[in-house]
Amino acid sequence: MSESKNKNILLARDLHKSLGRGAAKVHVLRSLDLTVRRGEFLAIMGPSGCGKSTLLHVLGLMTGPDEGRIVLDSREVPDDEPSRTLLRRRHIGFVFQRFNLLGVLNAADNIRISLRVRGLEMDGRAEQVLDQLHLADLARRKPAQMSMGQQQRLAVARALAHNPELILADEPTGNLDSDNAKRLLELLRQVNRQETQTIVMVTHSATAAETADRIVRMADGKIVDTNV
Amino acid sequence: MGYLPLANILHHKLRSVLSALGIGIGICMLVTLSGLARGSLAEVADRWESVDADLIAYPDIWGENITTLAGVALSDRYAAKISETGGEAVENVVPVFLWQMKLAGQDHMVAGVDPRDWEVLTGGRGIERGRLFDPQGRFSAWIQQRLGGDVENSDEVIDITPAELADPDHCGLELVIDSRLAAAGSYAVGDTVTAANHEWKIVGVTPVGGMARAYIPRRCAQFLFGGADITKSTLMFIKLTAPADPAGAIPKLRTAGLQMAPLSQYRRMLEQKFAVMFRYVDAVNAITLIVAFLFIMITLHTMVLQRQRDIAILRSCGASNGFILRQVLTESAMLTAGGAFIGVAGSFGAAWAIEAARPLLTVSITFEWIVIAMAAGAVGALISGLYPGWEATRVDMVEALAWE
């Protein structure tokens, strides 16, 4: 455990997760094991329906596993929702495929609300992180007034704002053209290197996955291959 | 804390305005209907309390509530008896004959009073236009002359023709009205109005605030509405010598067949008489408010359904159930605050419109009822926001984000 504490930010052991009920119930994750090292950029690839997004949701503590255990930053994740919420709030930032920004708020307020939710009153942090991602001029624009690439950069800015140890990205380039996708991957790479934040990215794209330090492949709810 | 709810409200302007309007209508109804029901009664009570007297004497067969007392009820002899019994404790006894007359399309309690006692009933308000009816007491003198002088002991049935009654020299069918009735009926001094099957000449207008809306000579009222019996009135006002102790004076002044009450009890009598109406008004108000808050609840419920993704985004950032609940309750409180503002402003507007359209009605918008409406709004906002708020805390974040 002490070794894990030093080297690994996230451990998943023997994870099982089913979705749906009754006849529609699908066993999505099947005895899945995964280790994410502190500071690495990990890409998870696999065909549609293999359980990539479900794994990200479980690793991101958005939902609990049916069985198995998760260790985040050397702490065993409890089963209860309030504890998961607390850990998610402190340690994790999300980047979604469709950005998931709040349409009624402008760019700066999207970041501020994420800080407030976390109980953080960080004066000037929103402006700082927008400036860092070259979005300072768009601070007062609402998401609908921004391009897809700008929206995704804003989503990254929101994920970074509270300095999480772990950023989980679910198909972050899925809605972007190739130029914007490339810029976003460069940005994630830069964040990973300069801010030393661990990034776990689920992607279909082999090009996107090549940005990562390590690629794991999933099939039928299991990790079947890793390039390390 | 407040800016996401505020942003949501501003983003959905039409829905927000409609929601606030729904609440506003409920609060406006609460304040206006209460103000109308209680204001009209309070205005009557205020007018009675303006009478320069301490006690009301009335027949004991009438019970404890005299708010509908009218016509022949009490022998005028009681006036002398009360004065005699009270001695120096009684300063003045004023017999009044009350009758209903329809003026300006509405029934009014008309007070028949002797010209010399008229200032007692109006609290010294005087005449603002025209003159007092029968200022020299001609009608009283004429009718006593026709009865041979002994009014109280006469059992003669006198025959007076309509022409004699209407003779301007007798000053019998003269009417003084208050300025509010004059405005409501567009009456002016010199106009003739038909009421209680007689033609009355309006000879004066008095400022509003006296006991009645209209005043006529008492002898005329007794003759016309008391079956030509000019020895009986409806009630008597008693003015005690200062320092007055109305409650203490009653046992000393009361005699067989006579009941007395402090003038200040008239307001309570009115409230008791119309207690059922207040319950009805309050019930209507309660139902209106419940409907308004159900409207808010449905609006917020719809909002939660529509914003499941936004709620899931907040939860993905680590928002607690408390945070989510506070967002919904804050939005509910903001809508309610807007509605309360609309409602209170609307109630002042409604009061103005009602009194302009129906000058005889009084809408009393009181601070007390504004506070009650605000409190009802605050409680309603909390209750109507709780269920949608609870629903919001149960949004499945994975499912909501997967919808995209």
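Data block above holds the structure.
Let me begin by describing the structure that accompanies this report. This structure is a prediction, so every number in the text was calculated from the model and none was measured.

Describing the overall build of chain A
Here comes step 1: When its secondary structure is counted, chain A shows 8 helices and 10 strands.
Here comes step 2: The C-alpha atoms of chain A give a radius of gyration of 17 Å, which matches the 17 Å a tight globule of 228 residues would have.
Here comes step 3: For chain A, the spread of C-alpha atoms along the three principal axes comes to 45 × 40 × 35 Å.
Here comes step 4: Within the span of chain A, comprising 228 residues, buried residues form 56% of the whole.
Here comes step 5: Across chain A, contacts joining residues at least 24 apart in sequence account for 70% of those joining residues at least 6 apart.
Here comes step 6: For chain A, the exposed area adds up to about 10200 Å²; of that, 44% sits on carbon and sulfur atoms.
Here comes step 7: Between the averaged position of the 33 positive side-chain charges in chain A and that of its 28 negative side-chain charges there is a distance of 2 Å.

Quick word on the overall build of chain B
Here comes step 1: If you tally the helices and strands in chain B, you get 15 helices and 12 strands.
Here comes step 2: Seen through its C-alpha atoms, chain B measures out along the principal axes to roughly 105 × 45 × 30 Å.
Here comes step 3: Counting every position in chain B, which comprises 404 residues, the buried fraction comes to 51%.
Here comes step 4: Here the analysis covers contacts within chain B between residues at least 6 apart in sequence; of these, 81% occur between residues at least 24 apart.
Here comes step 5: When the accessible surface of chain B is totalled, it reaches about 17800 Å², and 60% of it is carbon and sulfur.
Here comes step 6: Within chain B, the 41 negative side-chain charges are centred at a point lying 7 Å from the centre of the 32 positive side-chain charges.

Concerning the environment of R129 of chain B
All names here are of chain B.
Here comes step 1: Its place among the elements puts R129 in strand β5 (residues 129-130).
Here comes step 2: Spatially, the C-alpha atom of R129 lies 14 Å from that of K201, the residues being 72 residues apart in sequence.
Here comes step 3: Beyond its immediate stretch of four places on either side in the chain, R129 contacts A182, V189, V203, G204 and V205.

A few points about the pairing of strand β11 (residues 235-240) of chain B
Residue and element names in this part refer to chain B.
Here comes step 1: Within β11, 5 of the 6 residues are buried, leaving the element largely enclosed by the surrounding structure.
Here comes step 2: The pairing of strand β1 (residues 55-59) with β11 spans 3 bridges and is classified as antiparallel. Bridging from a neighbouring strand, L55 pairs with I238 of β11.
Here comes step 3: Note that strand β3 (residues 90-103) and β11 share 6 bridges and pair antiparallel.

Side note on the nonpolar core
Here comes step 1: Grouped together as the largest cluster of nonpolar side chains are 75 residues, with contacts concentrated most on L34, I44, L55, L72 and I113 of chain A together with L314 of chain B.
Here comes step 2: Beyond its immediate sequence surroundings of up to four residues, I44 of chain A is in contact with L34, K52, L55, V200, M201, V202, T203, V216 and M218 of chain A.
Here comes step 3: Grouped together as the second largest cluster of nonpolar side chains are 40 residues, F41, L101, A209 and I215 of chain A included.

Focus: the packing of aromatic side chains
All names here are of chain B.
Here comes step 1: Applying the stated criterion to the full structure yields 9 aromatic pairs over all chains.
Here comes step 2: With centroids separated by 3.9 Å and ring planes inclined at 5°, the aromatic side chains of W48 and Y266 adopt a geometry described as stacked. Taken together, the positions of W48 in helix α2 (residues 13-49) and Y266 in helix α10 (residues 266-273) put the pair 218 residues apart, joining distant regions of the chain.
Here comes step 3: Here the aromatic rings of W99 and F225 are separated by 5.1 Å at their centres, their planes lie at 5°, and the arrangement is stacked. Residue W99 is found in strand β3, and its partner F225 is found in helix α8 (residues 218-225); the two are separated by 126 residues along the sequence.
Here comes step 4: W99 sits in the partly exposed class, given a relative accessible area of 30%.

Section: helix α9 (residues 246-253) of chain B
All names here are of chain B.
Here comes step 1: Among the residues of α9, A249, I250 and L253 are the ones counted as buried. Around the axis of α9, the buried residues are gathered within 115° of arc, so they sit on the same side. Away from its buried face by more than 90 degrees, α9 exposes A247, P251 and K252.
Here comes step 2: Here the buried face of α9 lies against β1, α3 (77-86), β3, β11 and β12 (258-262).

A few points about the sheet that holds strand β8 (residues 198-203) of chain A
In sheet architecture, strand pairing relies on hydrogen bonds along the backbone and comes in two forms, parallel and antiparallel.
Residues and elements named next belong to chain A.
Here comes step 1: In spatial order, the strands read β6-β7-β8-β3-β9-β10; together these 6 strands make up an open sheet with mixed pairing. The sheet terminates laterally at β6 (92-95) and β10 (222-226), the two strands that pair on one side only. Taking the axes of each pair of neighbouring strands and ignoring which way they run, one obtains an average angle of 25° across the sheet.
Here comes step 2: Sitting on the sheet, helix α2 (residues 52-59) touches β3 (41-45), β6, β7 (166-170), β8 and β9 (214-219), and the angle it makes with β7 is about 155°.
Here comes step 3: Against the sheet, helix α3 (residues 81-91) engages β6 and β7, with an angle of about 75° to β6.

Quick look at the interface of chain B and chain A
Here comes step 1: Contact with chain B, which involves 22 residues of that partner, is made by 25 residues of chain A.
Here comes step 2: In total, about 2200 Å² of surface goes out of reach between chain B and chain A, with carbon and sulfur atoms giving 62% of it.
Here comes step 3: Connecting chain B to chain A are 1 salt bridge.
Here comes step 4: Across the pair R315 of chain B and E81 of chain A runs a salt bridge whose closest N-O atoms are separated by 3.7 Å.
Here comes step 5: Joining chain B to chain A, the criterion identifies 6 residue pairs in polar contact (both at pLDDT 80 or more).
Here comes step 6: Residues of the side of chain B that touches chain A, tallied by class, amount to 12 nonpolar, 6 polar and 4 charged.

Digging into the sheet that holds strand β2 (residues 26-37) of chain A
All names here are of chain A.
Here comes step 1: One open sheet accounts for 4 strands, arranged β2-β1-β4-β5; its pairing is antiparallel. Pairing within the sheet leaves two strands with one partner each, and these edge strands are β2 and β5 (75-76).
Here comes step 2: Where strand β1 (residues 8-19) meets β2, 8 bridges bridge the pair, whose relative direction is antiparallel. Within β2, the position partnered with L19 by the bridge is V26.

A short note on the layout of surface pockets
Here comes step 1: Of the pockets and cavities examined, the largest pocket occupies roughly 970 Å³.
Here comes step 2: As for the largest pocket, its lining consists of 33 residues, and the residues nearest its centre are L19 and H57 of chain A together with V398, E399 and A402 of chain B.
Here comes step 3: Elements with a minimum of two residues in the lining of the largest pocket: β1, α2 and α3 of chain A together with α15 (397-402) of chain B.
Here comes step 4: The element contributing the most residues to the lining of the largest pocket is α15 of chain B, with 5 residues.
Here comes step 5: Within the lining of the largest pocket, the residues separate by chemical class into 9 nonpolar, 11 polar and 13 charged.
Here comes step 6: The volume enclosed by the second largest pocket comes to roughly 680 Å³.
Here comes step 7: In this structure, the second largest pocket is lined by 28 residues; those nearest its centre are S40, L41, V44, R47 and Q106 of chain B.
Here comes step 8: Elements with a minimum of two residues in the lining of the second largest pocket: α2, β4 (106-113), α10 and α11 (275-306) of chain B.
Here comes step 9: The element contributing the most residues to the lining of the second largest pocket is α2 of chain B, with 9 residues.
Here comes step 10: Grouping the amino acids of the lining of the second largest pocket by side-chain chemistry returns 16 nonpolar, 7 polar and 5 charged.
Here comes step 11: Taken together, domain 1 (3-43 + 275-401) and domain 2 (55-243) of chain B each give at least three residues to the lining of the second largest pocket, which thus spans both.

Parameters and conventions
- Residues numbered from 1 in each chain as written.
- Chains lettered and ligands numbered in written order.
- Predicted model: local features only at pLDDT ≥ 70, side-chain atom pairs only at ≥ 80, totals over all residues.
- Heavy atoms only, no water.
- Helix = DSSP H or I, 4+ residues; strand = E, 2+ residues; numbered from the N terminus.
- Rg over C-alpha atoms; globule rule 2.2 N^0.38 Å.
- Buried < 20%, exposed > 50% of the residue type's maximum accessible area, 1.4 Å probe, protein only.
- Contact = heavy atoms within 4.5 Å.
- Areas by Shrake-Rupley, 256 points an atom, 1.4 Å probe, with all protein chains shown as cover.
- Lys, Arg positive; Asp, Glu negative; His and termini not counted.
- Charge placed at Lys NZ, Arg CZ, Asp CG, Glu CD.
- Pairing = 2+ DSSP bridges.
- Core = buried A, V, L, I, M, F, W, Y, C linked by side-chain atoms within 4.5 Å.
- Phe/Tyr/Trp six-rings, centres within 6.5 Å; stacked < 30°, edge-to-face > 60°.
- Arc of directions from axis to C-beta.
- Axes fitted to C-alpha atoms, helices over the stretch in contact; angles between N-to-C directions.
- Buried area = accessible area lost by both parts, 1.4 Å probe.
- Salt bridge = Lys/Arg side-chain N within 4 Å of Asp/Glu carboxyl O.
- Polar contact = N/O pair within 3.5 Å; in protein donor to acceptor, adjacent residues only side chain to side chain.
- Nonpolar A, V, L, I, M, F, W, Y, C, P; charged D, E, K, R; others polar.
- 1 Å grid on protein atoms, 1.4 Å probe; cavity = no way out; pocket = protein on both sides within 12 Å on 5 of 7 lines; lining within 4 Å.
- Points joined across faces, edges and corners; volume = space filled by probe spheres on them.
- Domains from an automatic or database assignment.

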